[in-house]
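Chain residues, written in single-letter form:
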Amino acid sequence: MEPSFIKELQTIVGEQYTLSDRESLAVYGYDSTPEIESLPGAVVLPATAEDVSRILRLCHDAGVSVTPRGSGTNLSGGSLSVNAGVVMQTSRLNRIIEVDEENLTATVEPGVVTSALHREVESRSLFYPPDPGSMNISTMGGNVAENSGGLRGLKYGVTADYVMGLETVLANGDLLRTGGKVVKDVAGYSLNPLLVSSEGTLGFFTGITVKLIPKPQGKITMLAHFPVLQDAALAVSAIIAAKVIPATLEFLDKVTIKCVEDYAHVGLPLNVDAVLLIEVDGHPAVIAEEAAAVAEICKKYRCSFFQTAQNADEALNLAAARRTALSALARLKPTTILEDATVPRSCIAPMLKVIQEAAAKYNVTIGTFGHAGDGNLHPTCLTDERDQDEIRRAHAAFAEIFDVAIAMGGTITGEHGVGIAKKKYLPRLVGESGIRVMRGIKQAFDPKGILNPGKVF
Amino acid sequence: MDYVKLINCMRCGMCLPACPTYKETFLETASPRGRVALVRKLQEGELDQSERLLEYLSLCLDCQACASACPCGVNAGELVAEFTCERKGEAGLGFMENLILRKLVPHPDRLEASMAPMRVYQRSGLQKLVRRLGVLKMFPKPLERMEGLLPALPSRPLRQTIQEVTPARGTERGTVGFFLGCVMSLIFSEASRATIQLLSLLGYRVITPRDQVCCGAPNMLGGDLEGLKEAARTNVELFGGFDVDYIVTDCGGCGAELKKYGHHLDGDAAAEFSGKVRDISQILALHAGELRQLLKPLGRRVTYHDPCHIAHCQGIRQEPRQLLKLIPGLDYRELNEADACCGSAGTYNIQRPEMADKVLQRKVDNIRRTGADCLVTANPGCLIQLKKALAADAQPVRVAHITELLLESFMVK
Ligand SMILES: Cc1cc2nc3c(=O)[nH]c(=O)nc-3n(C[C@H](O)[C@H](O)[C@H](O)COP(=O)(O)OP(=O)(O)OC[C@H]3O[C@@H](n4cnc5c(N)ncnc54)[C@H](O)[C@@H]3O)c2cc1C
Ligand code: SF4
Ligand code: SF4
């Protein structure tokens, strides 16, 4: 990148927060996505919305691309600059601006870490449900841009269900406000949902207003052991069919259990095929009933052991252990390729079978865990990037898994976004007209194509 | 360096919120994930050993909070330390390093003698004068900081005054070897005296071999792997000569290093030595029941700071808290971010004062917020750093080693 351009960036955010040395660029050339790296030309860390606007205007005029970045935990290559442009990180934009207890909303800057918002609102007996596995690191801006889901998605939905208002700086530096604190709003096109899950390609969020709900009064955390994988899957479908909606219904297979246990030592069983982590929350009387129903169903589907957490610590440990699933899997082999195949919930059992078959056919190790209640599975292939043949086989296995997922009426990504990683699958899913409409929208927001190019399509 | 350890990092970022330098800078270069990447890219030839790269790496406190946070078992801090050690080793020891690491540290007598002028300096009133006149401003910065940090020294190091064998009180239940540790003996001799007394009270015969040498941790920092092994050999051989059930230390840093002797040296003797090493809180926690009978009320508001070398390197978190809660009448208050580094980190607070001060300030704020009037910890580096920081304000918070407070509770009339 031209030194004169870097100088101009420096005049906006200062030297300390404009990085262009080789070493810094190298560490902003990756995110949590395996196998993908791409060096930016510079990294800037703005401190205000005004900074963001000035930087975008500058880059827009110069035709330099800008890629937003939160904590870089996304799994689709979304925060990497593909053409050596500017990466703009939000970590200094990290203030919780307001918790409005009358309107039940919170307004934050994009760099606020998800769990920090949880702590803040829960201290006031309020609740912000979206809780991605990465919530201790991921930022609210990243969550909105990826429409992140979480362990509580089954009952409470995903980030999109909570975003009420956005302050977005457009590619040319102009400010766009959409939505706000009003619960009902049908004026014009709904731009909020469009911006949510736009993966940094339509605008740069500088303010986010989310909906809060009262904190559930009680919670029961349970763990069911299944000696046979398919039984666990059938139990998931049966729980949903029984009209019990747990807050959390997470699935871990044998490979995952072993790794998580190795790391977290929470007493997971090592001799079963799968476990379900189930949480029901709400009014104490209701959850007692729901917990009993869940236990009943798990027993019917031959669970070998059913455990109810005795206290908050135990419950917290179990849930926290689940959050480490992905990273814990990486203990086995250096390169973990995680996928995000999602199917209608009734198809969980056949999908798990397909995954197992694909693993066997291509001779790769796949550990699977996921938000079973949402039909969102994370088959994770454990490979070694130094073994090119193995990597090739892993990708072949995934191609097959995705074909089946689409055929079942599912999707190629339930929560991680398309980014660079899933680009090639998107046309298969949305068709030509889908891509055409999306391109048109992009054109309307960002005619010069400077915002996070190379992503989605 | 083991390449596999580097590629095991899957860049999930789970370590980011644990890292004190990331929390202060928000920069990927100052995060565990970034540090692993820098070392890896260096190994792969994508980056070279530039001044800037070394500068980035040197900002790591080696607090190993990242290791506790990493579900993949990667230890960024240790990888950086290993890399730095290798690099320094290749460059060869400089004159000063050689002097300090080979001629001074391994020889307790000389080390103790070297502190003598400081003691005279403190006692003679010269210190007060010097501080008042700001004479030190004329000397290099690190010296000034070092002078400012040092608490009042005891009149003689513990090693010179303690008997080699302290008998058990009452019925003897076993024998332990006590590992003195340089800084504990030189500066916090009273705390170590309390450690020995508690052990004796619980029925242990305590052997404190006078010929023991420094654990070797400074050698590792200085890139002197040979010196470290030499220290390890000496200590293993020496303690091997006594028939002890445990080797006890009240210095977190020494404990962490002693537990690694089995890796540093081949042979069963070193592994056996490491297998016997216990932090004092581990031993005391074994006897919680008896201690409960012995301890008398202390009306204090107390909080506990986890030294990195105890929490992250040795995985000891419960025992110290359990012990403090045994003291009747004590109002225990948990510290926010209790296991975050205090910024002392060996000689880091002297070499990287700016970052060290930021990390320290965060710790101090957290401590103040508990409203405690006494902070307990268990590592000399933390004691030095926090004593200085917490004495300064209008409302001084007492800083004590855990054995000091326990003994105090025992001594209450
Ligand atoms: C261990 C682990 C567990 C995970 N678990 C889950 C999970 O359970 N559910 C889930 O949905 N995801 C999960 N993820 C994926 C990831 O954490 C989420 O996608 C998260 O939302 C990314 O947040 P981030 O702050 O790291 O954003 P980044 O990765 O930095 O960025 C993500 C995208 O958002 C864009 N972006 C960031 N900030 C802004 C902004 N202010 N304005 C506009 N665009 C912006 C970026 O350009 C990029 O396209 C997991 C990841 C890991 C490593
Ligand atoms: S060091 Fe561990 S926690 Fe940190 S990014 Fe790498 S794998 Fe994740
Ligand atoms: S050792 Fe401490 S400072 Fe160094 S990377 Fe790990 S957490 Fe950060």
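How each quantity is defined
Residues numbered from 1 in each chain as written. Chains lettered and ligands numbered in written order. Predicted model: local features only at pLDDT ≥ 70, side-chain atom pairs only at ≥ 80, totals over all residues. Heavy atoms only, no water. UniProt positions renumbered as here; feature names shortened; annotations may be inferred. Pairing = 2+ DSSP bridges. Helix = DSSP H or I, 4+ residues; strand = E, 2+ residues; numbered from the N terminus. Contact = heavy atoms within 4.5 Å. Axes fitted to C-alpha atoms, helices over the stretch in contact; angles between N-to-C directions. Buried area = accessible area lost by both parts, 1.4 Å probe. Salt bridge = Lys/Arg side-chain N within 4 Å of Asp/Glu carboxyl O. Polar contact = N/O pair within 3.5 Å; in protein donor to acceptor, adjacent residues only side chain to side chain. Nonpolar A, V, L, I, M, F, W, Y, C, P; charged D, E, K, R; others polar. Near = heavy atom within 4 Å.

Going by the annotation in an unreviewed UniProt entry, the name recorded for chain B is Glycolate oxidase iron-sulfur subunit, with Geotalea uraniireducens given as the source organism. Per UniProt, chain B carries the Function (unreviewed entry) text "Component of a complex that catalyzes the oxidation of glycolate to glyoxylate."

The name an unreviewed UniProt entry assigns to chain A is FAD linked oxidase domain protein, from the organism Geotalea uraniireducens. In its Cofactor (unreviewed entry) section, UniProt records this for chain A: "FAD". We quote the UniProt Sequence similarities (unreviewed entry) comment for chain A here in full: "Belongs to the FAD-binding oxidoreductase/transferase type 4 family."

Here the focus is the sheet that holds strand S3 (residues 204–207) of chain B. Residue and element names in this part refer to chain B. Across the sheet, which stays open at both edges, the 5 strands sit in the order S1-S3-S2-S4-S5 with mixed pairing between neighbours. In the strand order of this sheet, the two ends are held by strand S1 (165–166) and strand S5 (277–279), each with one partner. Judged from the 3 bridges that link them, strand S4 (residues 246–249) and S5 form a sheet pairing that is parallel. Bridge pairing links Val248 to Arg278 in S5. Across the face of the sheet, helix H18 (residues 268–276) comes into contact with S4 and S5 while running at roughly 20 degrees to S5.

Looking now at the interface of chain B and chain A. For an interface, size is often stated in terms of accessible area lost upon the parts coming together. In this assembly, 35 residues from chain B lie in contact with 42 residues from chain A. Taking both sides of the interface into account, the surface hidden between chain B and chain A amounts to around 3,000 Å²; carbon and sulfur atoms contribute 54%. Joining chain B to chain A, the criterion identifies 6 salt bridges. With a shortest N-O distance of 2.8 Å, Glu37(A) and Lys41(B) are connected by a salt bridge. Applying the counting criterion to the chain B and chain A interface returns 20 residue pairs in polar contact (both at pLDDT 80 or more). Residue assignment for the side of chain B that touches chain A shows that the elements contributing at least two residues are helix H1 (3–7), helix H3 (32–43), helix H4 (51–58) and helix H5 (65–69) of chain B. Sort the elements by how many residues they give to the side of chain B that touches chain A and H3(B) lands first, with 6 residues. Tallied by class, residues from the side of chain B that touches chain A come to 20 nonpolar, 7 polar and 8 charged.

Before going further, it helps to examine the site of ligand 3. Residues and elements named next belong to chain B. Taken together, Cys19, Pro20, Pro32, Arg35, Cys60, Leu61, Asp62, Cys63, Gln64, Ala65, Cys66 and Gly77 make up the full set of residues near ligand 3. Listed by contribution, the elements that provide at least two residues to the shell around ligand 3 are H3 and H5. Taken together, the residues that form the shell around ligand 3 break down as 8 nonpolar, 2 polar and 2 charged.

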